[in-house]
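If you want the building blocks of each chain, they are given just below.
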Amino acid sequence: MTTRAKPVRQIEPGTYEAYMHDCPAVALLSTISNRWVSLTMCTLGSYGKPMRYSHISREIPGVSQKMLTQTLRMLERDGMVKRTATPTVPVRVDYELTPLGQGLYGLLSQVRDWAADKTDEVDEARARYDTHKTVQSTGAPRLAARQIEPDTSV
């Protein structure tokens, strides 16, 4: 008996479906879900005007020079950030969000605010989970799903 492969789903040109492996939206989702991308976008968006590299760097704790440079270049390439070099000595370089980047900033700032509001709840859930998993892994008796009453009719 021969089995046939599952038919490949086709999408119309110009439409994107992020759950399809080879969809360009998957690569974009991967980019915008990056930690440094979201922190850089939120920094630029919350400042609201062009920022110098050193200012961005100071606002994002833990980002290395290499990572910030790569992130800014990637965001510029994707049309999220505009880089402006002013010919002075030394050259002044400013970064700001484009209209496309401002749209993404609106979404990312909501995620940032949600994370700030829900951190305590998530910490509590993690503690409950870790306690439950620790009890299971140490071989401690599990709680019964229901108590069985002893049969006293004998």
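What counts and what doesn't
- Positions within a chain are numbered from 1, following the residues in the order the chain's sequence is written.
- Whole-chain, interface and lining totals are the exception, using all residues; otherwise, since this is a predicted model, local features are given only for residues with pLDDT of at least 70 and side-chain atom pairs are given and counted only at 80 or more.
- Computation of side-chain values: all heavy atoms of the structure, hydrogens and water removed.
- Here an angle of 0 to 180 degrees is reported between the N-to-C directions of two axes, which are lines fitted to C-alpha atoms, with helices fitted over the stretch in contact.
- In DSSP terms, a helix is any run of H or I states spanning at least four residues, a strand is any run of E spanning at least two, and both are numbered starting from the N terminus.
- Each angle gets one of four labels, with under 35 degrees taken as roughly parallel, over 145 as roughly antiparallel, 65 to 115 as roughly perpendicular, and the rest as oblique.
- Any two residues whose heavy atoms approach within 4.5 Å at even a single point are treated as in contact.
- Under the scheme applied, nonpolar residues are Ala, Val, Leu, Ile, Met, Phe, Trp, Tyr, Cys and Pro; charged residues are Asp, Glu, Lys and Arg; polar residues are all the others, including Gly.
- Basic side-chain nitrogens of Lys or Arg form a salt bridge, by our definition, when they fall within 4 Å of a carboxyl oxygen of Asp or Glu.
- For every residue, the accessible area (1.4 Å probe, protein chains only) is compared with the maximum for its type, and the residue is labelled buried under 20%, exposed over 50%, or partly exposed between those bounds.
- Here, the term nonpolar core denotes a set of buried Ala, Val, Leu, Ile, Met, Phe, Trp, Tyr and Cys residues that are joined through side-chain atoms within 4.5 Å.
- In the cavity and pocket records, a cavity denotes points on a 1 Å grid over the protein atoms alone where a 1.4 Å probe fits but cannot get out, a pocket denotes an open set with protein on both sides within 12 Å along at least 5 of 7 lines, and lining residues are residues with an atom within 4 Å of a point.
- Grid points are joined across faces, edges and corners, and a volume is the space filled by probe spheres set on the points.
- Here the expected span of a helix is defined as 1.5 Å times the quantity of residues minus one.
- Under this definition, polar contacts are N or O atom pairs within 3.5 Å; protein pairs additionally need one hydrogen-donor-capable and one acceptor-capable atom, and for neighbouring residues in sequence, both atoms have to be side-chain atoms.
- pLDDT measures how confident the predictor is about each residue, on a scale from 0 to 100.

**Observations regarding the packing of helix 2 (residues 35-47) against helix 4 (residues 65-77)**
Logical step 1: Helix 4 packs onto helix 2 with a crossing angle of 75° between their chain directions and a minimal axis gap of 10 Å. Here helix 2 is positioned roughly perpendicular relative to helix 4, judged by the angle of their axes. Here helix 2 contributes Trp36, Val37, Thr40, Met41 and Leu44 to the contact with helix 4, which in turn contributes Met67, Leu68, Thr71, Leu72, Met74 and Leu75.
Logical step 2: Among the residues forming the contact of helix 2 with helix 4, the class breakdown is 9 nonpolar, 2 polar and no charged.

**Brief notes about the pattern of salt bridges**
Pairing between side chains of opposite charge can happen when the charged atoms of each approach one another.
Logical step 1: Per the counting criterion, the structure on display carries 4 salt bridges.
Logical step 2: Of the charged contacts in the structure, one is a salt bridge between Arg92 and Asp94, with a shortest N-O distance of 2.9 Å.
Logical step 3: Asp94 sits in the buried class, given a relative accessible area of 10%.
Logical step 4: One salt bridge connects Asp123 with Arg126, and the closest N-O pair in it is separated by 4.0 Å. A residue pair is termed a helical-turn pair when its members lie 3 or 4 positions apart in one helix, as Asp123 and Arg126 do in helix 5 (residues 99-137) at 3 residues.
Logical step 5: You can call Asp123 partly exposed: its relative accessible area is 40%.

**A short note on the nonpolar core**
Logical step 1: Counting 20 residues, the largest nonpolar core has Met41, Leu44, Ile56, Val81 and Tyr95 as its most contacted members.
Logical step 2: Looking at this core, the elements with two or more residues in it are helix 2, helix 4, strand 3 (92-97) and helix 5.
Logical step 3: Examining the composition of this core, we find that 5 residues originate from one element, helix 2, more than from any other.
Logical step 4: If sequence neighbours within four positions are ignored, Ile56 has contacts with Thr43, Leu44, Met51, Leu68, Leu72 and Tyr95.

**A word on the layout of surface pockets**
Logical step 1: As a volume, the largest pocket reaches approximately 190 Å³.
Logical step 2: Lining the largest pocket, in full, are Ser38, Leu39, Cys42, Thr43, Ser46, Glu59, Ile60, Pro61, Leu108, Val111 and Arg112.
Logical step 3: Within the residue set of the lining of the largest pocket, elements represented by two or more residues are helix 2 and helix 5.
Logical step 4: No other element matches helix 2, which puts 5 residues into the lining of the largest pocket.
Logical step 5: Its residues assigned to classes, the lining of the largest pocket comprises 6 nonpolar, 3 polar and 2 charged.

**Things to note about helix 2**
Logical step 1: Given a rise of 1.5 Å per residue, 13 residues ought to cover 18 Å, and the 18 Å separating the end C-alpha atoms of helix 2 matches this to within 8%.
Logical step 2: When helix 2 is considered as a whole, its buried residues turn out to be Trp36, Val37, Thr40, Met41, Cys42, Thr43, Leu44 and Gly45.
Logical step 3: The distance from a side-chain oxygen at the start of helix 2 to the backbone nitrogen of Trp36 is 2.7 Å, and the residue carrying that oxygen is Asn34.
Logical step 4: Backbone geometry just downstream of helix 2 places Gly48 in the positive-phi region, at approximately 80°.

**Describing the confidence of the model for the protein chain**
Logical step 1: Averaged over all residues, the pLDDT of the protein chain is 84; the fraction at 70 or higher stands at 75%.
Logical step 2: Ranking the helices and strands of the protein chain by mean pLDDT puts helix 4 first, with 97, and helix 1 (residues 24-32) last, with 85.

**A word on unusual backbone geometry**
Logical step 1: The linkage connecting Val89 with the following residue, Pro90, adopts the cis geometry, with an omega of -10°.
Logical step 2: Its location among the elements puts Pro90 in the loop between strand 2 (81-86) and strand 3.

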